[in-house]
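# Summary of the model geometry
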Amino acid sequence: MKHVKIEIFIPREDSRKLIDKINEAGYLKEENYDYCYAETYVLGHFRPIEGANPYIGSLNKIEEVQESKLEFRIRREDLEETMRIIKENHPYEVPVINVIELIDLD
């Protein structure tokens, strides 16, 4: 079974809502456990420029936001649906989502 790791950066106050949606779809399950993910607190930085419609901040001002980096693995076959859930429930106009191929040793 092929897996990928997903990393998502999201405002801390929005992380649980997103995790709940992904878990409700069954994608955070590992055998007899669900809600299998890690959360690291980070300080995100960005500056909205011309054409942006920022969820947080204002144009041409560098912002610092307390964010969560959410990490979990899913089956490769569930990637498309998981990405749809993330994009529908992430508050940022342009969310940072990293997808990393994993080597399965099983």
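Residues numbered from 1 in each chain as written. Predicted model: local features only at pLDDT ≥ 70, side-chain atom pairs only at ≥ 80, totals over all residues. Heavy atoms only, no water.

Going by what an unreviewed UniProt entry lists, the protein is known as Divalent cation tolerance protein CutA and is assigned to Peptoniphilus genitalis.

## Brief notes about the nonpolar core
With 17 residues, the main nonpolar core has Ile6, Ile8, Leu18, Ile22, Phe72, Ile74 and Ile86 as its most contacted residues. Put simply, the parts of the chain that give this core at least two residues each are strand S1 (3–11), helix H1 (12–24), strand S3 (63–75) and helix H2 (79–89). Sequence-distant contacts of Ile74, defined by excluding residues within four places in its chain, comprise Lys2, His3, Val4, Ile6, Tyr27, Leu79 and Thr82. (Core = buried A, V, L, I, M, F, W, Y, C linked by side-chain atoms within 4.5 Å. Buried < 20%, exposed > 50% of the residue type's maximum accessible area, 1.4 Å probe, protein only. Helix = DSSP H or I, 4+ residues; strand = E, 2+ residues; numbered from the N terminus. Contact = heavy atoms within 4.5 Å.)

## Comments concerning H1
Those residues of H1 that sit buried are Asp14, Ser15, Leu18, Ile19, Ile22 and Asn23. With its buried residues spanning 170° around the axis, H1 presents them on a single face. Of the exposed residues in H1, those oriented more than 90 degrees away from the buried face are Glu13 and Glu24. Of the surrounding elements, those touching the buried residues of H1 are S1, strand S2 (38–46), S3 and H2. In the stretch just after H1, Gly26 is the one whose phi turns positive, near 90°. (Arc of directions from axis to C-beta.)

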